[in-house]
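# Report on the structure
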2 protein chains.
Amino acid sequence: MTISIDQKNDLEMVITSENPPTFNLATYLKTQQAAVEAALEGAIAVVYPEKIYEAMRYSLLAGGKRLRPILCLATCELMGGSSIMAMPTACSLEMIHTMSLIHDDLPAMDNDDYRRGKLTNHKVYGEDIAILAGDGLLAYAFEFIAAQTQGVAADKVLKVIAHLGRAVGAAGLVGGQVVDLESEGNPDVTLETLTYIHRHKTGALLESSVVCGAILAGASDTDLARLSRYSQNIGLAFQIIDDVLDITATQEELGKTAGKDLQAQKATYPSFWGIEESKRQADQLITEAKAELAPFGAAADPLIALADYITARKN
Amino acid sequence: MTISIDQKNDLEMVITSENPPTFNLATYLKTQQAAVEAALEGAIAVVYPEKIYEAMRYSLLAGGKRLRPILCLATCELMGGSSIMAMPTACSLEMIHTMSLIHDDLPAMDNDDYRRGKLTNHKVYGEDIAILAGDGLLAYAFEFIAAQTQGVAADKVLKVIAHLGRAVGAAGLVGGQVVDLESEGNPDVTLETLTYIHRHKTGALLESSVVCGAILAGASDTDLARLSRYSQNIGLAFQIIDDVLDITATQEELGKTAGKDLQAQKATYPSFWGIEESKRQADQLITEAKAELAPFGAAADPLIALADYITARKN
């Protein structure tokens, strides 16, 4: 659940170096992903009744970019905190993200058979266990932050829990998913509705990843507002690129069924703007996101590189 | 979310009177239920996207005994706290309980059409919305405690969140539900397994209701242990009586399909012990539960009456 001293030193070297020759995102991601994987691996032990813990671990440890935990760690460190302070929250963000994927994939929802190149949770464990594995991950996420966070004042941890709860619930992710389901097969979905969906379904948790990292480090309200705008922009850009990739990438690249949006007659950004304009809009959002980080100087290099990474990614 | 001054005075009169003529449980329940209903009613407003808030409210405000919130309020007051301190946690306990009912009723789980005399959530809103309504209630429960609790030190609120998270997750309610599902139609289920199911599926949240109320009031570890044993005993008694009522009560009395356990060939306490011995075991557990409260004197009258109420209830 904590990263090793060696990993931590590597990390600090990368981040705090006053004038880094060039910020190496690949190395940074590799280091941070390894730290997150180790923490997630240690977060859930398999005990009786084994099946539920195995189902939770199956989806939680199925790879993935770990973008939310890494954003949380990076922001906490940018604001003067340590990765140790943020690691329980970082893990919880991934638990919540995983819960949303497990439930989204259910037959009653998106009915997906593959996720991250593997069979979806309910295809392996059955629908009943998949529902419960999601519930278990969601409950554990809040328990984990409350019980495991160290070196942070209790009132700040409560603020994180409240922010995260809101990001997941009907005012966030769940609400976005509801509007998404309602809009399916509706040819009259507006750009406004599409943006509502994504600002909530994907955006809210990404924003919470960044803002919670900053809360843990004791960031000022001004900095929290700045980082909130940064994360809202990259969240929306992330989704625009996701829509583009659904059209342009292969199933092998995505690790999930490609072309599903077209097949489901879902409104997407490319369906409003076409592919090129969608990419341009995503680039514009990323430029604005990075502009918010200007006051932080070189210390914001990881968050700047992460913003660029979102538009450059292939899956 | 707060109870009115009048209700509060009534309550204090009932509870703190040094030598109450007789503790009137019916009046107490009526007062507390009204306070909880008002707080739950105010906890969730209907905003866009309306459907999810309506679905959450549909099941949350469908009546029910409000046993968990009332146990939480009563214990907080017994330990010297106020109902205002405990009301957000009390509401969250009901949100979590409601989430578990919505998900349990799904076709992939127990496949129930009626609950508390009304159509189940998925029969009204569809399976997809029912899954999301449960997720929304679970996330909101934690947000609500973190954001709304007043007059309690932040570290105690964190302790409540950690306790409650554990009570809901794989180590509690979810784990109990998994073993319950695995045991269905299995003629070799042992009494030990049956007790595991109920100590987790029903017992963990009831225990958390009592213990969290006491944590909020700043109870000592000795008192927490005592109240934990009290609540574990009433939790198990509650389930034994539930099994008995499934056989002896009518659908009208229960507000849900009667005789389901027999039909599903589920192991129940009456299937091991018969109805009379099951009732005797429940009585014994209640006697032991009440013995734990002896050191608290007359102040524990509400918890003593609630313990008796559990074995005497008809639905």
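Residues numbered from 1 in each chain as written. Chains lettered and ligands numbered in written order. Predicted model: local features only at pLDDT ≥ 70, side-chain atom pairs only at ≥ 80, totals over all residues.

### Comments concerning the environment of threonine 311 of chain A
Residue and element names in this part refer to chain A. Topologically, threonine 311 is positioned in helix α16 (residues 301-312). Looking at threonine 311, the number of C-beta atoms within 10 Å reads 18, which means it is partly exposed. In sequence terms threonine 311 and aspartate 283 are 28 residues apart; their C-alpha atoms lie 6.9 Å from each other. Excluding anything up to four places from it in sequence, threonine 311 contacts Ala237, Ile241, Ala282, Asp283 and Ile286. (Helix = DSSP H or I, 4+ residues; strand = E, 2+ residues; numbered from the N terminus. Buried ≥ 20, exposed ≤ 12 C-beta atoms within 10 Å, placed from the backbone. Contact = placed C-beta atoms within 7 Å.)

### Quick look at the environment of threonine 193 of chain A
Residue and element names in this part refer to chain A. Note on placement: threonine 193 falls in helix α10 (residues 191-201). Using a count of 17 C-beta atoms within 10 Å as the deciding quantity, one classes threonine 193 as partly exposed. It is 31 Å that separates the C-alpha atoms of threonine 193 and alanine 294, two residues lying 101 residues apart in sequence. Those residues in contact with threonine 193 that lie beyond four places of it in its chain are Val179 and Ser183.

### As for the interface of chain B and chain A
Of the residues lining the interface, 40 residues belong to chain B; the matching set on chain A comes to 40 residues. Counting residues per element, the side of chain B that touches chain A draws most heavily on helix α7 (residues 127-148) of chain B, which supplies 14 residues.

### Topic: the packing of helix α8 (residues 154-168) of chain A against helix α8 (residues 154-168) of chain B
Two numbers describe how α8 of chain A lies on α8 of chain B: the axes approach to 8 Å, and their chain directions differ by 45°. What the angle tells us is that α8 of chain A and α8 of chain B run oblique. Between α8 of chain A and α8 of chain B lies a crossing of left-handed hand. Between α8 of chain A and α8 of chain B, the contacting residues are Ala154, Asp155, Val157, Leu158 and Ile161 of chain A on the first element and Ala154, Asp155, Val157, Leu158 and Ile161 of chain B on the second. Class assignment for the residues of the contact of α8 of chain A with α8 of chain B results in eight nonpolar, no polar and two charged. (Axes fitted to C-alpha atoms, helices over the stretch in contact; angles between N-to-C directions. Parallel < 35°, antiparallel > 145°, perpendicular 65-115°, else oblique. Left-handed = near helix turned anticlockwise from the far one by under 90°. Nonpolar A, V, L, I, M, F, W, Y, C, P; charged D, E, K, R; others polar.)

### Digging into the relation of the copies chain B and chain A
The two chain copies are connected by a rotation around an axis plus a translation along it. Placing chain B over chain A gives an RMSD of 0.0 Å and needs a rotation angle of 180°, together with 0.0 Å of translation along the axis. Both copies are brought into coincidence by an operation consistent with a two-fold rotation axis. Within chain B, alanine 154 of chain B has its C-alpha nearest the rotation axis, a separation of 2.7 Å. Residue by residue, 100% of the interface of chain B is reproduced at the interface of chain A, so both copies engage with the same surface. (Least-squares fit on C-alpha atoms with pLDDT ≥ 70 in both.)

### Quick notes on helix α4 (residues 67-78) of chain B
The end-to-end C-alpha distance of α4 of chain B, which contains twelve residues, comes to 16 Å, matching closely the 16 Å that a straight helix rising 1.5 Å per residue would cover. Within the sequence span of α4 of chain B, burial applies to Leu67, Arg68, Pro69, Ile70, Leu71, Cys72, Leu73, Ala74, Thr75, Cys76, Glu77 and Leu78 of chain B. (Expected span 1.5 Å × (residues − 1).)

### Looking at the environment of threonine 202 of chain B
Residues and elements named next belong to chain B. Along the chain, threonine 202 falls in the loop between α10 (191-201) and α11 (203-216). Look at threonine 202 and you get partly exposed, because 19 C-beta atoms sit within 10 Å. Taking the C-alpha atoms as reference, threonine 202 lies 9.3 Å from histidine 97; in sequence the two are 105 residues apart. Sequence-distant contacts of threonine 202, that is, excluding residues within four places in its chain, are made with Gly235, Phe238 and Gln239.

### Some details on the packing of helix α9 (residues 173-183) of chain B against α10 of chain B
Residues and elements named next belong to chain B. Where α9 contacts α10, the axes come no closer than 7 Å and their chain directions differ by 145°. Considering how the two elements wind past one another, α9 and α10 form a crossing that is left-handed. Counted together, Leu173, Gly175, Gly176, Gln177, Val179, Asp180 and Ser183 of α9 and Thr193, Tyr196, Ile197, His198, His200 and Lys201 of α10 form the full contact between these two elements.

### Things to note about the nonpolar core
Formed by 197 residues in total, the largest nonpolar core has its most connected members in Ile161 of chain A together with Ile161 of chain B. Each residue touching isoleucine 161 of chain B, except ones within four places of it in the same chain, is listed here: Phe142, Ala146 and Ile161 of chain A together with Phe142, Ile145 and Ala146 of chain B. (Core = buried A, V, L, I, M, F, W, Y, C linked by C-beta atoms within 7 Å.)

### Notes on helix α15 (residues 269-292) of chain A
Residue and element names in this part refer to chain A. Between its first and last C-alpha atoms α15 spans 24 Å; for 24 residues at 1.5 Å apiece the expected length is 34 Å, and the helix comes up short by more than 12%. At isoleucine 275, α15 shows its strongest bend, of approximately 95°. Restricting attention to buried positions, one finds in α15 the residues Tyr269, Pro270, Ser278, Ala282, Leu285, Ile286, Ala289 and Glu292. Those residues of α15 that are buried lie in contact with α12 (221-248) and α16. (Bend = angle between axes of the 7 residues up to and from the residue.)

### Observations concerning unusual backbone geometry
Residue and element names in this part refer to chain A. The omega torsion across tyrosine 48 and proline 49 is -5°, close enough to zero to call that bond cis. Within the fold, proline 49 resides in the loop between α2 (25-43) and α3 (50-60). Located in the positive-phi region is arginine 116, a residue other than glycine, with phi close to 50°. Structurally, arginine 116 can be placed in the loop between β1 (114-115) and β2 (118-119). Exposure remark for arginine 116: the 15 C-beta atoms within 10 Å place this residue in the partly exposed category.

### Some points on the confidence of the model for chain A
Residue and element names in this part refer to chain A. Across chain A, the average pLDDT comes to 90, with 88% of residues at 70 or higher. Every residue in residues 1-20 is under pLDDT 50, and counting partners more than four places away or in other chains gives 27 contacts. For this predicted complex, the interface score ipTM comes out at 0.90, alongside a pTM of 0.90. (pLDDT = per-residue confidence, 0-100.)

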